[in-house]
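What the coordinates show
Each chain, letter by letter, is given below.
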Amino acid sequence: MVERKGCVRRDRGMRDFNRFIDQQELMDLPIAGAKYSWSSSANSPNPRLSKIDRFLISPEWEDHFPSINVSALARPLSDHKPIMLSCSYEDWGAPLFRCEATWFLEPTLFPLMKTWWTSFNCTGSASFVMAKKLQFLKEQLKLWNKNVFGRIDKRNEKILAEISLLDQSDDNRTISVSQTTKRNSLRMEYEKTADMLHLHWLNKSRAQWLALAVINDHIVTHCKEQFSSNFASSISLAGMNFKQLSVVDASWLERPIEADEVLLALHNLGQDKAAGPDGFQVIVFIKGLDFMKSDIMKVIKEFERNGYIDWRLNPLSSL
C-alpha cells in the first residue's frame, strides 16, 4: 500500500488491474515531484492520498525513448495532479514583441499609457508625430512588460511550481496553516493568469486561422465567379441603369470626418483583432482614444487635405 495513504480498501478491480500489468509485462514509470497524484481534500489536515494517475509502457517502448520521464504538474484546482510524459525539452527563447491582449486585463496599464503619451514631445507633420508617439509607446510597453508585468507564461509556470512544492509538503504531512493559506492564494492567482494565458493563445490562433479562412473564402468565391458562367461573350454594361447618390448624400460623404465616426470605425474593426505588423491591436486605440483623440484627428484632417496617409501609419489607413 505504498501508493496510498489514509486508504485501506483494496477491491477486486485493483487486483485485476495489477494482474493485467504483470501479464502484459508493463512498466509503471515513477513520477518525479510527487508520491501521490490524487487527494481527497486540499484543505483537510489529513486527506486521503493515492497514486491513481500513471503512465504504463512496454520495455520495447522504453528502448525507443530512453530519455523518457514522467513529472507531476501543479494541482491548482482539481483533486488530481496532472502528470506529463516527455522525452526532451527545447527552449526557443523569448518571442518577438507584440502588444498582448492580456496586458489590458491589468487595470493600471491605460492610466500609465496616458501619462506616457502626454509626456512625448514630438514635432513635424501630424502623421510623423503620431508615428513617433506610437514608437515611443512601444518602447515604454516593452520596459513595462519586462520590469512590471512579465511574460504571462513564465508567471503561470512560477505559480504552478510553487503550488507543486506545497502539494509535496501536503503529501508528506508537513504543510503548515500559513502554507495552506498561501496555496489557496496561489490558486486564485492561477485562475487569473490562466485566463490571461487563454486570451493570449486565443489571439494567436485567431490570427492564423482567421487569415487563412478569409483567403480561402476569397479564392472559392473568385473561382465560382470565373468558372460557373457559360457566357461565351464578354459582359457589357450598356443599357444598365445604376443607382445614383442624391446631391444631399454626395454632399454628406464629402463633409469633414468627425471623431464619433472614427470611434465607430475602430469598434467595427473589432477590439480583439490580432496585432498588426506594428504590434498594436485595435483595442489600444479604442481604450486610449481619450488621450490619443487629438493626435488621431490631426492625422484624419491631414488626410482630408492631402488625400493620403503617411506610410509610417499604414495600420491606421483601415480607418
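Residues numbered from 1 in each chain as written. Predicted model: local features only at pLDDT ≥ 70, side-chain atom pairs only at ≥ 80, totals over all residues. Heavy atoms only, no water.

1. Re the overall build of the chain
For clarity, the cut-off: Helix numbers and strand numbers start at the N terminus; a helix is a DSSP run of H or I with at least 4 residues, a strand a run of E with at least 2. Relative accessibility under 20% of the residue-type maximum defines a buried residue, over 50% an exposed one, and the middle range a partly exposed one, all with a 1.4 Å probe and only protein chains included. Residue contacts are defined here by distance: any two heavy atoms, one from each residue, within 4.5 Å place the two residues in contact. We get accessible surface area from the Shrake-Rupley algorithm with a probe of 1.4 Å; when it comes to residues, only the shown protein chains can shield them.
If you tally the helices and strands in the chain, you get 10 helices and eight strands. A burial count over the chain gives 31% of its 319 residues as buried. Put simply, of all contacts in the chain between residues at least 6 apart along the chain, 68% involve residues at least 24 apart. Carbon and sulfur atoms provide 57% of the accessible area of the chain, an area that totals close to 21,300 Å².

2. As for the sheet that holds strand S8 (residues 83-86)
Stated formally: Pairs of strands are assigned from DSSP output, requiring at least two bridges between the strands.
Read across the open sheet, the three strands follow the order S3-S7-S8; overall the sheet is mixed. The open sheet is flanked by strand S3 (31-32) and S8, the only strands paired with a single partner. Of the pairings in the sheet, the one linking strand S7 (residues 69-72) to S8 comprises four bridges and is antiparallel in character. Bridge pairing in S8 places Val70 opposite Leu85.

3. Focus on helix H3 (residues 109-119)
For the record, the criterion: This arc describes the spread of directions from the helix axis toward the C-beta atoms.
Burial in H3 covers these residues: Leu109, Phe110, Met113, Trp116 and Trp117. Down the axis of H3, the buried set is contained in an arc of 115 degrees. They therefore lie on one face. Turned more than 90 degrees away from the buried face of H3 sit Thr118 and Ser119, all of them exposed. The inward-facing, buried residues of H3 abut helix H4 (126-149), helix H9 (282-287) and helix H10 (289-306).

4. Quick word on the nonpolar core
The condition is simple: Only buried residues count toward a nonpolar core, which is a set of Ala, Val, Leu, Ile, Met, Phe, Trp, Tyr and Cys residues joined through side-chain atoms within 4.5 Å.
If you look at the biggest cluster of nonpolar residues, it comprises 32 residues, and the most contacted ones within it are Met113, Leu137 and Leu141. At the level of secondary structure, the elements contributing two or more residues to this core comprise H3, H4, helix H8 (259-269), H9 and H10. Ignoring sequence-local partners within four residues, the contact set of Met113 consists of Leu137, Leu141, Val284 and Phe291. Listed in part, the eight residues of the second largest apolar core include Leu29, Ala34, Ile57 and Ile68.

5. Comments concerning the pattern of salt bridges
Put simply, the rule is: For salt bridges, the criterion is a side-chain nitrogen of Lys or Arg within 4 Å of an Asp or Glu carboxyl oxygen.
The tally for this structure, following the rule as stated, stands at 10 salt bridges. Between Lys114 and Asp290 there is a salt bridge, with its nearest N and O atoms 3.9 Å apart. Separated by 176 residues along the polypeptide, Lys114 in helix H3 and Asp290 in helix H10 bring together distant segments of the chain. In this structure, Lys142 and Glu139 form a salt bridge, with 3.7 Å as the shortest nitrogen-oxygen distance. Taken together, the positions of Lys142 and Glu139, both in helix H4 and three residues apart, correspond to about one turn of that helix. Accessibility expressed as a relative area gives 36% for Lys142, which makes it partly exposed.

6. A look at H8
The complete set of buried residues in H8 reads Val262, Ala265 and Leu266. Down the axis of H8, the smallest arc covering the buried residues is 100 degrees, so these residues share one side. When the buried face of H8 is taken as reference, the exposed residues oriented beyond 90 degrees from it are Asp260, Leu264 and Asn268. Along its buried surface, H8 packs onto H9 and H10. Backbone geometry just downstream of H8 places Gly270 in the positive-phi region, at approximately 95 degrees.

Coordinates in, geometry out; function isn't part of it.
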